[in-house]
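Structural description and commentary
Spelled out from the first residue to the last, the chains are:
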Amino acid sequence: MTVTPDLRSELAPTGTLRVGINYGNFLLVNPDRASGIAVDLGRELGKRLGVSIELITYEAAGKLADGVKAGAWDVAFLGAEPQRANEIAFTPAYLEIPATYLVPAGSPLRTLQDVDRAGVRIAVAQKSAYDLWLSRNLKHAQLVRAEGIQGSYDLFVAQKLDVLSGLKPRLVSDAEKLPGSRILEGQFTAVQQAIGTPKNRAAGAKYLREFVEDCKASGLVAEAISRHAVRGVSVAPKAQGRES
């Protein structure tokens, strides 16, 4: 898709592409906060549009998603979830992250299906993509929310909750700190990491969809995963049909 002046002004109306980034997702942003998979793709997008970028930073996915209401960013790297799609136009996923459960030592819970029972309390990062998925799908278990991924871990330990939900790569490191804890086999969902833009930017959304598919097909996403040595994630498959 050709970058026209109209397209450029739609995606970057201030002349600078404001890129929303969630520092809380350690898989997409490195500890130096100036590099990572999402940052690299944001810079590539700015390069193709012929504009400079400004990182608009947040400490949690929910706050990043809420930033669209204030017009705080032009594009954002976050999980594509139906609850967010009323205000944000999402691309197909560029990357998938498995989400699952960790249980403490001695837990009687053995399978993913065991978790959704009355009386089971699950720690979760508030407004994360997997919180939104669990909110839609759980029938009996209780979600206990905390701010951010680290906050959900701290809550799980402090309140001795039954289950910690989270991104599998993070749960692997959490399990190392909790003797006897176990990660349940499988995943309850795979978080679809995508690029979003405000809903009213139709031409911009179309360009971003093509940008994401090109980044996957050309190997840019795979190269970024390798360059930053991120484990436990995978390039999302090619989207089927029209995405919005």
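To be clear, the structure that these remarks concern was listed above.
1. Focus: the overall build of the protein chain
In terms of regular secondary structure, the protein chain is built from nine helices and eleven strands. For 244 residues, the compact-globule formula gives about 18 Å, and the C-alpha radius of gyration of the protein chain, at 18 Å, lands near that figure. Viewed in the frame of its principal axes, the protein chain has a C-alpha envelope of about 60 × 35 × 35 Å. Taking all contacts inside the protein chain whose residues are at least 6 apart in sequence as the whole, residues at least 24 apart take part in 72%.

2. As for the pattern of salt bridges
Per the counting criterion, the structure on display carries 15 salt bridges. Linking Arg 136 and Glu 81 is a salt bridge whose minimum nitrogen-to-oxygen distance equals 2.8 Å. Linking Arg 136 in helix α5 (residues 129–137) with Glu 81 in the loop between β3 (75–79) and β4 (88–90), this pair joins segments that are 55 residues apart in sequence. On the basis of relative accessible area, Arg 136 is assigned to the partly exposed category, the value being 33%. Between Asp 174 and Lys 177 there is a salt bridge, with the nearest N and O atoms lying 3.4 Å from each other. One end of the pair is Asp 174 and the other is Lys 177, both in helix α7 (residues 168–177) and three residues apart, which spans about a single turn. With relative accessibility at 44%, the residue Lys 177 sits in the partly exposed group.

3. Describing unusual backbone geometry
Even without being a glycine, Lys 127 presents a positive backbone phi close to 65°. Looking at the secondary structure, you find Lys 127 in the loop between β6 (121–125) and α5. Classification of Lys 127 by relative accessible area gives partly exposed; the value is 38%. Positioned with a positive phi, Ala 229 is a non-glycine residue whose angle comes to about 55°. Looking at where Ala 229 falls in the secondary structure, it is placed in the loop between α9 (220–227) and β11 (234–235).

4. With respect to α7
Every buried residue of α7 is listed here: Pro 169, Arg 170, Leu 171 and Asp 174. Close packing links the buried residues of α7 with β5 (95–103), α6 (148–158), β8 (163–167) and β9 (182–183).

Analysis parameters
Residues numbered from 1 in each chain as written. Predicted model: local features only at pLDDT ≥ 70, side-chain atom pairs only at ≥ 80, totals over all residues. Heavy atoms only, no water. Helix = DSSP H or I, 4+ residues; strand = E, 2+ residues; numbered from the N terminus. Rg over C-alpha atoms; globule rule 2.2 N^0.38 Å. Contact = heavy atoms within 4.5 Å. Salt bridge = Lys/Arg side-chain N within 4 Å of Asp/Glu carboxyl O. Buried < 20%, exposed > 50% of the residue type's maximum accessible area, 1.4 Å probe, protein only.

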